[in-house]
Amino acid sequence: MRAAVNSATDRTVFDSQRFLAGLTSRPGVYRMLNDRGEVLYVGKAGNLKKRVSSYFSRQNRDPKTAALVSQIAAIEITVTNTEGEALLLENNLIKELRPRYNIMLRDDKSYPYIYLSSDQTFPRLGFHRGGRSGKGRYFGPYPSAGAVRASLNLLQKVFPVRQCEDSFFRNRSRPCLQHQIKRCTAPCVGLVTPERYAEDVRHAEMFLTGRSRQVVNELAGEMEQAARKLRFERAAELRDQIATLQRIQEQQQLEGGDADLDILACVVAHGAACVNMVTIRDGRNLGDRAFFPKVTGQTSAEDVLGAFIPQYYLEREAPRELLVNARVLDKTLLETALAERHGHRVTIRQPQRGTRVEWLKLAATNADLALRRRLATRTNVQERFEAMQAVLELAELPERIECFDISHTHGEAAVASCVVFDSGGPVKSDYRRFNIKEITAGDDYAAMHQAVSRRYRRIQKEEGKLPDLLLIDGGAGQLKRVAEALDELGLQDLPVVAVSKGPDRRAGEETLIRRGAERALQIAADSPALHL
């Protein structure tokens, strides 16, 4: 139904009484539009007449609802068979139309997994994002790319299964750096038998499915057998492997056995919201991630969680349990819809006592800290990060950027500098400088290769934090050598961008070259992305 125009004020007036008189009481979805035909809000209801009528009641109307109602020029209705169908349609319309007054999850393109191939003599463990068409198993989804890289780094210490790309694997004539630092058994050059390699693959798979205790028991049995056969070197290797695995278990295992759940803690302040999601699979903490849904006006944690859960979990896998720190509206409806979508029961629970309350408190603390950081920087740094994500078409908003540059004096005394930036600005405590050695004078390509190799080999060894984006000063030549260094370290999934200065080296004329991209990018000089 459309509104009439009041000629005296030249404003549209929506006749709510006339509209509501003819409105059905069946379940469905309603769309509220302004006088330009723009969708302001999409909602669902088990009883359309009752729900839509509530907007035009002046009792307990909050400022946000009052502002919405004042702009309504038309309301469109779609009737559904059930409220569950209405929920699914509402979710699709919100993502398609992006209404101004809806709470919307600013979601990434896809979520990362750990992939274990199965169609090779020497299978590969690696980072995966996108469609799951390859033969093998996919473990996840993980909350972020950083969580996947951290898990792969841990796995390499215990189970030396290759993580290199197949093209890199097929063209080796000698072991790479991963073998030298005891992170790979070098199947590429035949330094391990298929049988021995298969055992490492099997144990890695068991670990990823939560059977790490069983892995420890098997390794302990092998160690005892090796000692009885006087194979003391092998027994020592197994002893160290068990010790590392037990240490990882202590770091990752939660009190709660084989829990399979997500912890969702929402904090709302100053017109912004943050949902901190902690992912627990098979009792292992896979990491956490902060989401910042778009909210308008006065919004509660209940409203945010009620919108977040369907938008997030109707599109991807859901665990059997969701722990929340606020009451969720339409809880029973959401549980039913999620169960139908995923084929297993999904319980939404707000615990009141016990260990799980402590988990929620910690998640809420992290959500509060993340929101405070965002509020402090969202007008400058956050805008630049988001612009960089859009320009480079990154799947995730980068939280940590590392940048490399090479300097020298007439080709001599080359030095590489690494600076680090996160959402709070420069992280000067993580800055590093490398004196470049044993290269041909003036060879910036070799200098960049050496600096990147030394930086991330040490980070892997010391379990440091890897960046989400790597920027290097230079062009296609530097980019190629950096890509080679990262491939040798098993970091082929790390996004890398070369920043090439313009012909006159003027600011704003830089060209960006991304690894794997078909063409270079030239972006506007006033883009916030360049201001990083």
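Computed from a predicted structure; not experimentally measured.

## A few points about the overall build of the chain
Then step 1. If you tally the helices and strands in the chain, you get 16 helices and 21 strands.
Then step 2. Relative to its 532 residues, the chain shows a buried fraction of 48%.
Then step 3. A separation threshold of at least 6 residues defines the contact pool for the chain, and within that pool the share at least 24 residues apart is 62%.
Then step 4. For the chain, the computed accessible surface area is about 26600 Å², with 46% contributed by carbon and sulfur atoms.
Then step 5. For the chain, the separation between the mean place of its 79 positive charges and that of its 68 negative charges on side chains is 2 Å.

## Considerations on the nonpolar core
Then step 1. Residues Ile 114, Leu 125, Leu 155, Phe 159 and Leu 245 are the most contacted members of the largest nonpolar core, which totals 33 residues.
Then step 2. Those elements that provide at least two residues to this core are strand S6 (112-117), strand S7 (125-129), helix H5 (145-158), helix H6 (166-170), helix H8 (194-208), helix H9 (212-228) and helix H10 (232-252).
Then step 3. With residues near it in sequence (within four places) discarded, Leu 125 still touches Ile 114, Tyr 115, Leu 116, Leu 152, Leu 155, Val 161, Arg 162, Gln 163, Ala 204 and Leu 208.
Then step 4. Membership of the second largest hydrophobic core comes to 31 residues, among which are Leu 264, Met 277, Ala 301 and Val 346.

## Details of the pairing of strand S14 (residues 400-409)
Then step 1. As paired elements, S14 and strand S15 (residues 412-422) share nine bridges and run antiparallel to each other. Looking at the pairing, Ile 401 lines up with Phe 421 of S15.
Then step 2. In this sheet, strand S18 (residues 469-473) lies alongside S14 in parallel orientation, the contact comprising four bridges. For Glu 402, the partnering residue across the bridge sits in S18 and is Leu 470.

## Overview of unusual backbone geometry
Then step 1. Within the chain, Asp 330 stands out as a residue other than glycine whose phi angle is a positive 60°.
Then step 2. Tracing the chain through its elements places Asp 330 in the loop between strand S12 (321-324) and helix H12 (331-342).
Then step 3. With a relative accessible area of 38%, Asp 330 lands in the partly exposed category.
Then step 4. Notably, Glu 438 is not glycine yet its phi reads approximately 55°, a positive angle.
Then step 5. Tracing the sequence through the fold places Glu 438 in the loop between strand S17 (432-435) and helix H15 (444-462).
Then step 6. Since its relative accessible area comes to 85%, Glu 438 is described here as exposed.

## So, the environment of Leu 97
Then step 1. Relative to the elements of secondary structure, Leu 97 occurs in helix H4 (residues 83-97).
Then step 2. Considering only alpha carbons, one finds Leu 97 and Gly 297, 200 residues apart in sequence, at a separation of 19 Å.
Then step 3. Ignoring sequence-local partners within four residues, the contact set of Leu 97 consists of Arg 31, Val 39 and Val 42.

## A few points about the pairing of strand S10 (residues 272-281)
Then step 1. Across the 10 residues of S10, 10 count as buried, placing the element largely inside the fold.
Then step 2. Residues Ala 272, Cys 274, Asn 276, Val 278 and Ile 280 of S10 are buried on one face, and the alternating residues Ala 273, Val 275, Met 277, Thr 279 and Arg 281, pointing to the opposite face, are buried as well.
Then step 3. Sheet topology places strand S9 (residues 261-269) next to S10; nine bridges connect them, and they run antiparallel. Looking at the pairing, Ala 269 lines up with Ala 272 of S10.
Then step 4. In this antiparallel pair of consecutive strands, S9 and S10, the connection spans two residues, and His 270 shows a positive phi of 55°.

## Looking at helix H11 (residues 301-313)
Then step 1. In a regular helix each residue adds 1.5 Å, so 13 residues correspond to 18 Å; H11 covers 18 Å between its end C-alpha atoms and thus fits that length.
Then step 2. Of all 13 residues in H11, 10 are buried, a share of seventy percent or more.
Then step 3. Here H11 has its buried residues at Ala 301, Val 304, Leu 305, Ala 307, Phe 308, Ile 309, Pro 310, Gln 311, Tyr 312 and Tyr 313.

## Topic: the sheet that holds strand S3 (residues 28-33)
Backbone-to-backbone hydrogen bonds pair the strands of a sheet. The strands run either parallel or antiparallel.
Then step 1. Read across the open sheet, the three strands follow the order S4-S3-S5; overall the sheet is antiparallel. The open sheet terminates on both sides in strands that have one partner only, identified here as strand S4 (39-45) and strand S5 (74-79). The average angle at which neighbouring strand axes cross in this sheet is 15°, direction not considered.
Then step 2. Across six bridges, S3 lies against S4 in antiparallel orientation. Within the sheet, the bridge partner assigned to Val 29 lies in S4 and is Lys 44.
Then step 3. The strands that H4 touches are S3, S4 and S5; relative to S4, the one it contacts most, it runs at about 165°.

## Looking at the pattern of salt bridges
Then step 1. The final tally for this structure, using the stated rule, is 28 salt bridges.
Then step 2. Taking the shortest distance from any N to any O, the salt bridge between Lys 44 and Asp 330 comes out at 2.7 Å. Within this pair, whereas Lys 44 is found in strand S4, its partner Asp 330 is found in the loop between S12 and H12, the two being separated by 286 residues in sequence.
Then step 3. The salt bridge partner of Glu 317 is Arg 132, with a shortest N-O separation of 3.2 Å. Taken as a pair, Glu 317 in the loop between H11 and S12 and Arg 132 in the loop between S7 and strand S8 (136-139) lie far apart in primary sequence, 185 residues in all.
Then step 4. Through salt bridges with shared partners, one network takes in Arg 400, Glu 402, Asp 430 and Arg 455.

## Here's the deal with the packing of aromatic side chains
Then step 1. Applying the stated criterion across every chain, the model contains 16 aromatic pairs.
Then step 2. With 5.4 Å between their ring centres and 10° between their planes, Phe 308 and Tyr 312 make a pair best called stacked. One end of the pair is Phe 308 and the other is Tyr 312, both in helix H11 and four residues apart, which spans about a single turn. Neither Phe 308 nor Tyr 312 differs from the other in exposure class; each is buried.
Then step 3. A connected cluster of aromatic rings, assembled from ring pairs, spans Phe 291, Phe 308, Tyr 312 and Tyr 313.
Then step 4. Positioned above the aromatic ring of Phe 127, the side-chain terminus of Arg 149 is 5.7 Å from the ring centre.
Then step 5. We note Arg 162 situated over the ring of Phe 169; from NZ or CZ to the ring centre the distance is 4.1 Å.

## Observations regarding the side chain of Thr 185
Then step 1. With respect to the helices and strands, Thr 185 occurs in the loop between helix H7 (177-180) and H8.
Then step 2. Filtering out sequence-adjacent residues up to four positions away, Thr 185 remains in contact with Pro 160, His 179, Leu 191, Val 192, Tyr 197 and Asp 200.

## Considerations on the sheet that holds S7
Then step 1. Taken together, the three strands give an open sheet; going across it, the order is S7-S6-S8, and neighbouring strands pair in antiparallel fashion. Each edge of the open sheet carries a strand with a single partner, namely S7 and S8. Shown here is a sheet whose adjacent strand axes are inclined to one another by a mean of 35°, direction ignored.
Then step 2. Where S6 meets S7, five bridges bridge the pair, whose relative direction is antiparallel. Bridged to Tyr 115 within S7 is Gly 126.

Conventions adopted
- Residues numbered from 1 in each chain as written.
- Predicted model: local features only at pLDDT ≥ 70, side-chain atom pairs only at ≥ 80, totals over all residues.
- Heavy atoms only, no water.
- Helix = DSSP H or I, 4+ residues; strand = E, 2+ residues; numbered from the N terminus.
- Buried < 20%, exposed > 50% of the residue type's maximum accessible area, 1.4 Å probe, protein only.
- Contact = heavy atoms within 4.5 Å.
- Areas by Shrake-Rupley, 256 points an atom, 1.4 Å probe, with all protein chains shown as cover.
- Lys, Arg positive; Asp, Glu negative; His and termini not counted.
- Charge placed at Lys NZ, Arg CZ, Asp CG, Glu CD.
- Core = buried A, V, L, I, M, F, W, Y, C linked by side-chain atoms within 4.5 Å.
- Pairing = 2+ DSSP bridges.
- Expected span 1.5 Å × (residues − 1).
- Axes fitted to C-alpha atoms, helices over the stretch in contact; angles between N-to-C directions.
- Salt bridge = Lys/Arg side-chain N within 4 Å of Asp/Glu carboxyl O.
- Phe/Tyr/Trp six-rings, centres within 6.5 Å; stacked < 30°, edge-to-face > 60°.
- Lys NZ or Arg CZ within 6 Å of the ring centre and 35° of its normal.

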